[in-house]
Amino acid sequence: MTAARERHIRVSEIFGPTIQGEGILIGLPTVFVRTGGCDYRCSWCDTLHAVDSDYRDQWRLMSTDEIWQEVTRLAGNRPLTVSLSGGNPAIQPLGPLIERGHREGYRFALETQGSVAKDWFADLDVLVLSPKPPSSGMETDWDAFDACLRMAAEKPQVALKVVVFDDRDYLYARAAAARHPDLPVYLQPGNHTPPPPDDDDAKVDVDGIMDRMLWLVDKVTADRWFEARVLPQLHVLLWGNKRGV
């Protein structure tokens, strides 16, 4: 693969500015660069249009310059946080994009399951590692996860985020936090009504999600797990499964 080819990134969508809907940066104005492709197939994935190769004809192979022109157009040339998401954005060559944006005063946050480590993780401002719990149907490779932490080299702000659907997921989250007690922990109640890839107007069971959040708050407080923060997916509560917000 040539260097020119490596600079191209598979992009599912670029949108914003909107707010970050979850995790450590919840509520922060953000432009999203959602990449295409993933090495996981979680049972409850809510972004299959950026994961399943059946939708790859909707993805664009874009250069760093092309992506950056769209980001700055959306941001009105006013620096803000750019969220690199997916799919799994770690499988894309995002280093040059981060370097370009930093020169112009933008900040970069990335969320990944921790299955693929890249040296440019150390160039991020925020790295969210979100290993997938048993309900996802995926197995966590903790050696790969630890390699991601080593690549970050304590340079970006790093956080642990776990989606929780049930008791098994909750115990998994406790164990993950125990492995890395130095990382701040964010727990997110799972959305059991993810949208089909072709229907971003699909109905969301908000009441069911909030019931799960109340259950999760009760679990955390009853266990005196005071280090954990329980947060919803704010964008789901505001806009349901609508894309581009």
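Residues numbered from 1 in each chain as written. Predicted model: local features only at pLDDT ≥ 70, side-chain atom pairs only at ≥ 80, totals over all residues. Heavy atoms only, no water.

What to know about the overall build of the chain
Broken down by element type, the chain carries seven helices and nine strands. Taken over C-alpha atoms, the radius of gyration comes to 17 Å for the chain, in line with the 18 Å a tight globule of 245 residues would show. Along the longest, intermediate and shortest principal axes, the C-alpha atoms of the chain span 50 × 40 × 35 Å. For the chain, the residues scored as buried account for 53% of the 245 residues in total. Once local pairs closer than 6 in sequence are excluded, the contacts in the chain between residues at least 24 apart make up 72%. (Helix = DSSP H or I, 4+ residues; strand = E, 2+ residues; numbered from the N terminus. Rg over C-alpha atoms; globule rule 2.2 N^0.38 Å. Buried < 20%, exposed > 50% of the residue type's maximum accessible area, 1.4 Å probe, protein only. Contact = heavy atoms within 4.5 Å.)

Remarks on the UniProt feature "binding site: S-adenosyl-L-methionine" (unreviewed entry) in the chain
Residues given the UniProt feature "binding site: S-adenosyl-L-methionine" (unreviewed entry) here are Trp44, Cys45, Asp46, Gly87, Ser130, Pro131 and Lys132. Tracing the backbone through its elements, the reader meets cysteine 45 in the loop between β2 (29-35) and β3 (60-62). Take proline 131: it is sitting in the loop between β6 (126-129) and α4 (142-152). In this structure proline 131 touches Gln113, Thr140, Trp142, Phe145, Leu160, Lys161, Val162 and Tyr172, once residues within four positions along its chain are discounted. (UniProt positions renumbered as here; feature names shortened; annotations may be inferred.)

As for the UniProt feature "binding site: Mg(2+)" (unreviewed entry) in the chain
Residues annotated in UniProt with the feature "binding site: Mg(2+)" (unreviewed entry) correspond here to Thr47. Within the element layout of this structure, threonine 47 appears in the loop between β2 and β3. Among residues more than four places away in sequence, those in contact with threonine 47 are Arg34, Gly86 and Gly87.

Description of the pattern of salt bridges
The tally for this structure, following the rule as stated, stands at 11 salt bridges. Among the salt bridges present, the one from lysine 161 reaches glutamate 22, with a minimum N-O distance of 2.3 Å. Linking lysine 161 in strand β7 (residues 157-164) with glutamate 22 in the loop between β1 (9-19) and β2, this pair joins segments that are 139 residues apart in sequence. The buried category is assigned to lysine 161, whose relative accessible area is 2%. With a shortest N-O distance of 3.2 Å, aspartate 146 and arginine 179 are connected by a salt bridge. Remark: arginine 179 occurs in helix α5 (residues 167-179) and aspartate 146 occurs in helix α4; sequence separation between them is 33 residues. Residues joined by salt bridges that share partners form a network here, namely Glu22, Glu111 and Lys161. (Salt bridge = Lys/Arg side-chain N within 4 Å of Asp/Glu carboxyl O.)

A word on helix α2 (residues 64-75)
A rise of 1.5 Å per residue sets the reference length of α2, with its 12 residues, at 16 Å; its end C-alpha atoms lie 16 Å apart and thus fit the reference within 8%. Taken together, the buried positions of α2 are occupied by Thr64, Ile67, Trp68, Val71, Thr72, Leu74 and Ala75. Viewed along the axis of α2, the buried residues span an arc of 160 degrees, placing them on a single side of the element. α2 presents Gln69 and Arg73 as exposed residues on the side facing more than 90 degrees away from its buried surface. In the core, the buried residues of α2 are packed alongside β1, β2, β3, β4 (81-85), α3 (95-103) and β5 (107-112). A positive backbone phi angle near 65 degrees is found at glycine 76, which sits one or two residues after α2. (Expected span 1.5 Å × (residues − 1). Arc of directions from axis to C-beta.)

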